[in-house]
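Commentary on secondary and tertiary structure
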Amino acid sequence: MMMHKTGTRAEWLQARLALLDEEKDLTRRSDALAERRQELPWVKIDKDYRFETEAGIVPFSALFKGRSQLLVYHFMFGPDYTAGCPSCSAIADGFNGVIVHLENHDVAFTAISRAPLAKLLEFKRRMGWTFDWASSAGSDFNRDFNVVFTLQEQRDGSIEYNYRREPPNPDAQAGKRVQEWELRGGEGPVAQMAATTGTDISTYTRDRPGLSAFVLQDGEIYHSYSSYARGLDGIWGMYQLLDRAPLGRNETGVWWRHHDRYEAGV
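First things first, this report covers the structure right here in the doc. (Residues numbered from 1 in each chain as written. Predicted model: local features only at pLDDT ≥ 70, side-chain atom pairs only at ≥ 80, totals over all residues. Heavy atoms only, no water.)

Next up on the list: the state of the cysteines. Summed over the entire model, instances satisfying the criterion amount to zero disulfides. With no disulfide of its own, Cys85 has Cys88 as its nearest cysteine by sulfur position, at a separation of 4.0 Å. (Disulfide = S-S within 2.5 Å.)

Inspection of the secondary structure assignment puts Asp233 in the loop between strand E10 (220-228) and helix H9 (237-242). At 3.2 Å, the side chain of Asp233 forms a polar contact with the side chain of Arg249. Those residues within four positions of Asp233 in sequence are excluded, and the remaining contacts are Gln240 and Arg249. (Helix = DSSP H or I, 4+ residues; strand = E, 2+ residues; numbered from the N terminus. Polar contact = N/O pair within 3.5 Å; in protein donor to acceptor, adjacent residues only side chain to side chain. Contact = heavy atoms within 4.5 Å.)

A surface patch of nonpolar side chains, amounting to about 310 Å² of accessible area, comprises Trp12, Leu13 and Leu17. One can find Trp12 in helix H1 (residues 9-38). Residue classification places Trp12 among the partly exposed residues on the basis of a relative accessible area of 46%. (Patch = residues over 30% accessible without salt bridge, like charges linked within 9 Å, V, L, I, M, F, W, Y side chains within 5 Å. Areas by Shrake-Rupley, 256 points an atom, 1.4 Å probe, with all protein chains shown as cover. Salt bridge = Lys/Arg side-chain N within 4 Å of Asp/Glu carboxyl O. Buried < 20%, exposed > 50% of the residue type's maximum accessible area, 1.4 Å probe, protein only.)

The subject of this paragraph is the packing of aromatic side chains. All told, the structure shown has 35 aromatic pairs when counted by the stated rule. Where Phe123 meets Trp133, the ring centres are 6.5 Å apart and the plane angle is 65°; that geometry is what we call edge-to-face. Residue Phe123 is located in helix H4 (residues 117-127), and its partner Trp133 is located in strand E6 (residues 132-135); the two are separated by ten residues in the primary sequence. For the pair Phe123 and Trp133, one class covers both residues: buried. In textbook terms, an aromatic cluster arises when at least three aromatic residues are bridged by ring pairs, as seen for Tyr73, Phe75, Phe77, Tyr81, Phe95, Phe109, Phe123, Trp129, Phe131, Trp133 and Tyr204. Sitting over the ring of Trp12, Arg9 keeps its end group 5.0 Å from the ring centre. Stacked on the ring of Tyr161, the Lys or Arg Arg208 has its end atom at 5.1 Å from the ring centre. (Phe/Tyr/Trp six-rings, centres within 6.5 Å; stacked < 30°, edge-to-face > 60°. Lys NZ or Arg CZ within 6 Å of the ring centre and 35° of its normal.)

Read these as layout, nothing more, since geometry by itself doesn't imply function.
Structure follows, in structure tokens:
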């Protein structure tokens, strides 16, 4: 391990106070950004989305569970997956325990995926999660919120994800690596993650993660916000803690796993 610089307590305190000023500035800027998010115009939802839930087939409004606001985590779990995306699973480990607090602050929360409900519930039981999880199979919901794409879109470069167009990947079906999804210094991390879901790279990356916010007012549903890719860092609790550890994220590839697979090493 490379030796880090050392110093006296006085030197540490001087450096820490300088960093504190920057942290406070970042907090203030983060507060200002939150206000700008809340100022975004609302867009009325005109489609009659239907979802399969443990309570049966329900309309979009039912996901609010009597509350005025709804957060949706777009969980990567396509119809061909045998398990949920490991990144989404790590994020879910973090938000699973806070939903009770959201619900008592007029905010409902659900994960939504394209896989059949039976698959989602089986994986949910395996992971020990309690959050609501709905299947959007058969609806346009994932397409409309830019978290699922087709093989042809992969090949011809018509994928628009995270508000940017991705380059063509003509060999998508052949399992070539998707450059945008590579991690710094990693060797084929996308292939590793795809393998944990029982799919290949092309199938795995046609579903994408995201977070969307909605509001229910006077019987109408409006979309207020969506975030994707690194925009999800803020809800990935594991990384918020690692960023405060001595070596930070300290990663060269995919190291995290489904939380019940660490001892098995798979």
